[in-house]
Structures are given as structure tokens and as C-alpha cells.
Amino acid sequence: MVPISALQQKEKAIQLAWSHYQALPSFDNFVEFALLLNSLTDFLIDKSLTGLLHASRQLEQQALALFGDEASHPVSTKVMEELSQRVARLGELLRHYAGVSEMLQERREQDGAPMPEAQPVTAHVSLIGEAGAHWEELVSQLGYFGISVHQGNWEMPTADDADDSVFLVDLGGLAISSWLGALNQLRERRPLAQIICLGVPEDFVALDRALRAGADHCLTQGTPLQRVVGQVLERNGSSEQDPYRVLVVEDSRTAARVICRSLEENGIATRVLHDPSLSLAAIRQFQPDLILMDMYMPCCTGVEAARVIRQHDEFLSIPIVYLSGETDIGLQVDALRLGGDHFLTKPFNPVVMNAVVKSKIDRYRALRRSMLNDSLTGLLNHTSTKQALAVALEAVQNGGDSVAVAMLDIDHFKGVNDSHGHPVGDQVIRSLAWLLKQRLRRGDIVGRYGGEEFVLGLVGVSPVDAKEILDRIREDFSRISFSVPGGSFRVTYSAGVAACLDCQPHCLESLLEAADEALYEAKRQGRNQVVLAGHLSCCQPHACLF
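Residues numbered from 1 in each chain as written. Predicted model: local features only at pLDDT ≥ 70, side-chain atom pairs only at ≥ 80, totals over all residues. Heavy atoms only, no water.

## Considering the overall build of the protein chain
When helices and strands are counted, the protein chain shows 18 helices and 17 strands. The buried share of the protein chain, reckoned over its 546 residues, is 49%. Considering only contacts within the protein chain whose residues lie at least 6 apart along the sequence, 69% involve residues at least 24 apart. Looking at the protein chain as shown, the accessible area adds up to about 25800 Å², and 52% of this sits on carbon and sulfur atoms. (Helix = DSSP H or I, 4+ residues; strand = E, 2+ residues; numbered from the N terminus. Buried < 20%, exposed > 50% of the residue type's maximum accessible area, 1.4 Å probe, protein only. Contact = heavy atoms within 4.5 Å. Areas by Shrake-Rupley, 256 points an atom, 1.4 Å probe, with all protein chains shown as cover.)

## Looking at unusual backbone geometry
Going from His73 to Pro74, the amide bond is cis rather than trans, its omega being 10°. The residue Pro74 is located in the loop between helix 3 (50–65) and helix 4 (77–111) in this model. Notably, Gln287 is not glycine yet its phi reads approximately 55°, a positive angle. Structurally, Gln287 is set in the loop between helix 10 (279–286) and strand 8 (290–294). The class of Gln287 is partly exposed, set by a relative accessible area of 45%. Positive phi, close to 70°, is recorded for Arg527, a residue that is not glycine. If you trace the backbone, Arg527 turns up in the loop between helix 18 (508–524) and strand 17 (530–532).

## Let's talk about helix 14 (residues 382–396)
In this model, helix 14 (15 residues) spans 22 Å end to end at C-alpha, consistent with the 21 Å of a helix rising 1.5 Å per residue. Every buried residue of helix 14 is listed here: Ser384, Thr385, Leu389, Ala392, Leu393 and Val396. Tucked inside the fold, the buried residues of helix 14 contact helix 13 (350–372), strand 11 (402–410), strand 12 (445–450), strand 13 (453–459) and helix 18. Where helix 14 begins, one side-chain oxygen reaches toward the backbone nitrogen of Thr383, 3.3 Å away; that side chain belongs to Asn381. (Expected span 1.5 Å × (residues − 1). Polar contact = N/O pair within 3.5 Å; in protein donor to acceptor, adjacent residues only side chain to side chain.)

## Observations regarding helix 18
With 17 residues, helix 18 should cover 24 Å at 1.5 Å per step; its first-to-last C-alpha distance of 24 Å lies within 8% of that length. Every buried residue belonging to helix 18 is among Leu508, Leu511, Leu512, Ala514, Ala515, Ala518, Leu519, Ala522 and Lys523, and all of these are buried. One or two residues past the end of helix 18 sits Gly526, with phi positive at roughly 120°.

## Considerations on the sheet that holds strand 8
Strand pairs in the sheet, formed through backbone hydrogen bonds, run parallel or antiparallel to each other. Spatially, the 5 strands line up as an open sheet ordered 7-6-8-9-10, and their pairing is parallel. Since the sheet does not close on itself, it has two edges, and those belong to strand 7 (269–273) and strand 10 (342–345), each with one partner. Across the sheet, the mean angle from the axis of one strand to that of its neighbour is 20°, orientation sign disregarded. Taken together, the 5 bridges between strand 6 (residues 245–249) and strand 7 define a ladder with parallel strand orientation. In the sheet register, Val248 faces strand 7, and the bridge partner there is Val272. Seen against the sheet, helix 10 touches strand 6, strand 7 and strand 8 and runs at an angle of roughly 160° to strand 7. (Pairing = 2+ DSSP bridges. Axes fitted to C-alpha atoms, helices over the stretch in contact; angles between N-to-C directions.)

## Thoughts on the pattern of salt bridges
Using the criterion set out here, one finds 25 salt bridges in the structure. A salt bridge links Asp216 to Arg187; the shortest N-O distance between them is 3.0 Å. Pair noted here: Asp216 is in the loop between helix 7 (204–212) and strand 5 (217–220) and Arg187 is in helix 6 (residues 176–189), with a separation of 29 residues, a long-range link. Under the relative-accessibility criterion, Arg187 is labelled buried at 11%. Ionic pairing is found between Asp208 and Arg212, a salt bridge with its closest N-O pair at 3.2 Å. (Salt bridge = Lys/Arg side-chain N within 4 Å of Asp/Glu carboxyl O.)

## Regarding the packing of helix 15 (residues 413–420) against helix 16 (residues 422–439)
Taken N-terminus to C-terminus, the directions of helix 15 and helix 16 make an angle of 140°; their axes are 7 Å apart at the nearest point. Here helix 16 runs oblique to helix 15, going by the angle between their axes. Contact residues: helix 15 offers Phe413, Val416, Asn417 and His420, while helix 16 offers His422, Val424, Gly425, Val428 and Ile429. Classifying every residue of the contact of helix 15 with helix 16 by side-chain character gives 5 nonpolar, 4 polar and no charged. (Parallel < 35°, antiparallel > 145°, perpendicular 65-115°, else oblique. Nonpolar A, V, L, I, M, F, W, Y, C, P; charged D, E, K, R; others polar.)

Take a look at the structure:
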């Protein structure tokens with residue numbers, strides 16, 4: 001869920017910064033305004049608010065084009081009026097989105113929690129195009145993931161509570177001339193919507209025109225149904241992540257304050273270190289995603305500090321960006337060879353610094369994800385799953401809480417691969433991964449253990465409740481239809497659940513073994529069911545739940 005209060009704060013800050021520039025059109029005030037726009041744009045990208053992003057990015061690009069220097073300000077009266085109109089329009093969109101989101105939240109609270117046996121509707125999408133039987137299966141599939149579909153045509157009215165919805169637009173079989181203007185109008189009428197075009201001809205001109213007309217993503221003719229479902233799920237998925245963390249190694253307290261203020265405007269957590277000799281301890285404690293390193297400091301240079309950091313294998317991949325007034329290209333190249341990743345010359349443009357920092361962190365986190373997550377599903381991989389479970393057990397060992405561990409296995413999966421091929425088998429695995437992520441809590445542990453096997457960790461959930469949760473998911477998974485040439489098929493899964501109170505981290509292997517044994521018992525009993533494990537011998541007798 002997007003934090004509405006954060007969005008409202010950003011909107012107010014931008015309005016205030018623009019008012020300050022109008023009252024005193026200095027370069028410093030314009031820098032403040034541009035930084036806030038940059039922060040908002042990055043925020044909207046992080047939260048996948050594509051519709052709002054269009055308006056924010058347009059204004060940001062115009063502001064950056066006018067950035068200049070002190071001699072460039074104030075801007076002309078004409079430009080000032082144009083910017084004022086864009087700022088006002090962006091403010092209207094942000095306030096409208098916040099108001100709609102608050103209204104929907106109030107409705108959910110008034111309606112109360114859904115019944116356990118019912119799958120709650122978590123999102124809505126609109127499907128525009130000729131009504132046809134070929135979309136019935138898509139509507140059905142999305143329903144299993146808690147997404148309702150409203151079908152309509154190009155003239156469908158603008159609903160009060162749908163400006164932030166996802167639109168699926170069917171362009172299949174239509175000439176470009178017949179949909180281009182309509183797509184433009186849809187984007188104008190629904191500036192906050194995310195628009196996915198379906199059935200786009202697979203040629204450069206058609207794709208280019210659809211994207212220019214306002215589409216956020218295009219799926220070409222012949223795209224498999226499950227890929228369409230995947231796109232919708234990704235657009236409606238949570239994009240919450242831990243704040244970016246930057247360690248600023250800078251001996252100048254004034255420079256450090258300026259750097260931190262700029263980064264924190266973008267929601268980046270910072271920690272300042274004035275003495276580079278303390279950097280190893282600071283890195284281990286703060287766990288930064290990036291290090292901003294001053295080139296020249298009293299006790300050592302930034303290059304010397306970077307060389308020490310790079311002596312430790314666990315710190316080899318952390319990006320190091322140098323900050324310096326050094327303009328000698330030869331020295332800059334040597335600095336990069338000796339452990340650095342980028343060089344920013346002082347005085348630096350704060351917007352450029354933010355962009356460099358975020359891009360470096362994005363790549364760093366992507367590298368970490370490739371090491372920790374399964375490439376097919378995005379879930380934790382085998383090793384990461386066990387590590388996460390061990391941490392969860394350690395966290396609850398003195399709190400009297402429980403951790404339910406479950407092992408899931410797709411039934412007769414070899415037959416799916418043999419009959420329909422590995423790409424179809426991969427899609428079955430992805431679908432179960434999507435369903436598990438959509439149904440379980442953000443703090444639950446969800447991992448692909450290997451092949452068609454998954455492992456879950458549900459903190460604070462009793463084994464009986466865990467069985468009930470997995471049974472509901474199992475029933476819905478068994479209803480999902482996978483299309484193949486000449487027909488379709490369905491699959492099921494079996495699961496085993498084990499749990500204990502006050503488990504020690506060393507109990508993890510016994511928990512996994514118990515869950516695995518319960519899984520095989522479910523297989524022996526005919527599959528497509530969830531079985532609870534028996535007594536766990538690794539734990540204190542009074543601590544075991546089962």
C-alpha cells in the first residue's frame with residue numbers, strides 16, 4: 001500500500017518550494033524546487049504509480065532543463081506562468097489520488113475483514129475492447145488472485161474511484177488509425193491510470209505509436225494468457241522495500257550536511273563518518289548500499305580508504321562513489337582503477353548526484369537479488385530461505401511465539417513437463433509463486449526450495465491456522481486453468497506443516513524434516529491435501545505444538 005501521508009507531504013513541500021521561488025526567484029530556491037520534484041518522481045517510480053509519474057516526470061524534465069546556474073534565474077515571466085500551471089495541475093492530481101485512496105481505505109475498514117473462506121478483492125482492472133469469449137478465461141484467472149475486472153468500451157465513463165486503476169486495452173485486429181486517437185484520449189481522461197495494451201502488432205511502428213499515445217506497456221499479438229496475468233499482478237503488486245542507505249565519508253561537516261540533506265529529500269537514509277579509519281566498523285553496523293567517499297581527507301585519501309575496504313570480500317560489491325574537486329582525468333581514472341565505481345566532481349549538481357546514487361544502488365540491489373532470489377519466481381532461493389527461517393526462529397525463541405514451517409510440492413509436475421514442455425511447467429511454478437506472494441503477509445517467508453518444491457515460514461501462526469491458510473490457497477490454485485495448444489489443464493499441490501514454540505535456531509533442520517515427512521504423507525494419502533506433522537523430537541516436550 002502506498003503511504004498516502006508521504007505523498008501528501010511531498011505535494012505540500014513542492015507547492016511551498018514553488019511559492020518560495022515565486023517570491024524570491026533565486027538559483028538556490030530553484031535548486032530546492034528541482035530536488036523536491038526529483039524526489040517525487042523517484043518516489044512514484046518506486047511505488048509504481050505510473051499515471052502520476054507522467055505528470056511528475058514532465059514537470060521534472062522542464063525544471064532540469066531550466067536548472068542552469070545563478071545567471072539563469074529568475075526565469076522569464078512566460079516560463080514562470082507555464083511552470084505555475086504545471087505545478088498546480090500536478091498538485092491537483094496528487095491531492096485527488098490521496099483523497100481517493102483515503103476514501104477506499106475507509107470503505108475497506110467499514111466493510112470489515114473478509115470471511116476466511118472468501119477470497120477478498122484486492123484490486124480492480126478495466127478491460128477495454130470488444131467483448132469476447134477469449135477474455136473470459138483472463139477474467140476468471142485474475143479472479144483467483146483477488147483482482148476483479150470491469151469490461152467496457154472506449155467510451156466507458158470515468159469512475160470517481162478508478163483514476164489509479166490498471167487498464168487492459170485490446171488492440172487486436174484493429175488498424176492503428178482506429179485506436180491511436182482513442183488511446184490518446186484515454187490517457188488524457190485517465191492521467192493516473194496504468195495502461196497495458198494487448199494484441200499490439202509485433203512491429204516497431206505500432207509499438208512506438210502505442211507507447212507515445214500513453215501506453216505504459218505493450219503485449220504483442222499471441223502473448224500467452226499467463227504472461228498477461230503476470231503483467232497485471234506485477235502492476236498491482238507491492239513495491240515496498242527497505243530505504244536506500246548511504247554511508248557518507250567526508251571530513252567537512254558542512255559538505256556532509258549538504259550531501260545528506262540532498263539524499264534525505266529522496267528518502268535515502270544516511271550516516272556520516274568524518275574519520276575514514278572507522279569505515280570498516282561503520283559498514284558492518286550500517287550495512288550501506290553505497291559509500292560516498294571524499295577524495296582528500298587529513299588522515300588518508302579516499303583511494304587509500306577504498307583499497308582497505310576492498311580487502312574484505314564481503315565489501316567487494318558495495319559501490320564507492322568519489323566526491324572531489326579533482327579535475328585531473330588521469331588521477332580520476334587511477335582512482336576508479338583502485339576500487340571506485342564513479343567520480344563526481346565538486347561542486348556537483350545535487351540532482352545528478354541523487355541520480356547516480358540511486359542508479360548505482362539499484363544495480364547493487366539487483367546483483368544481491370540475483371544472489372539471494374530464485375531467477376524464475378523472484379522468491380528466496382534455497383539457501384536464502386533457510387537463512388531467513390533461522391533468523392525467524394532466533395527472533396521468536398524468547399517471545400513465546402510460534403513459527404509454522406510448510407513444504408509444498410506441485411502434484412504430478414513431471415507429467416506437466418513431459419506432456420506440455422518445460423516453458424509451460426515454468427509458468428505453472430510462477431503462478432503458484434504469484435498466488436503465495438499475493439495471499440501471504442509481507443513478513444512471511446516464501447521461498448522456492450528447488451524444482452517444483454516451495455518452503456514457507458509463517459511467524460506467529462499456529463499449525464492449525466497454517467493448514468487452514470494453505471488449504472484455501474490450495475483450493476484456488478487447483479481452479480487455475482493453464483492454456484495449451486488444443487485445450488487446457490489444471491494442477492494441484494500437496495503440503496506438510498510443522499511448528500513448535502520456543503524453537504532454537506538449531507531446530508530448523510528438524511522442522512524442515514518434519515514438514516517434509518508430512519508432505520510425503522499427503523502424497524501417500526492421494527495428494528492435493530495439507531497434512532500436519534507429528535511430534536518434533538528436537539524440541540522441549542512442553543514446547544511442541546505437534
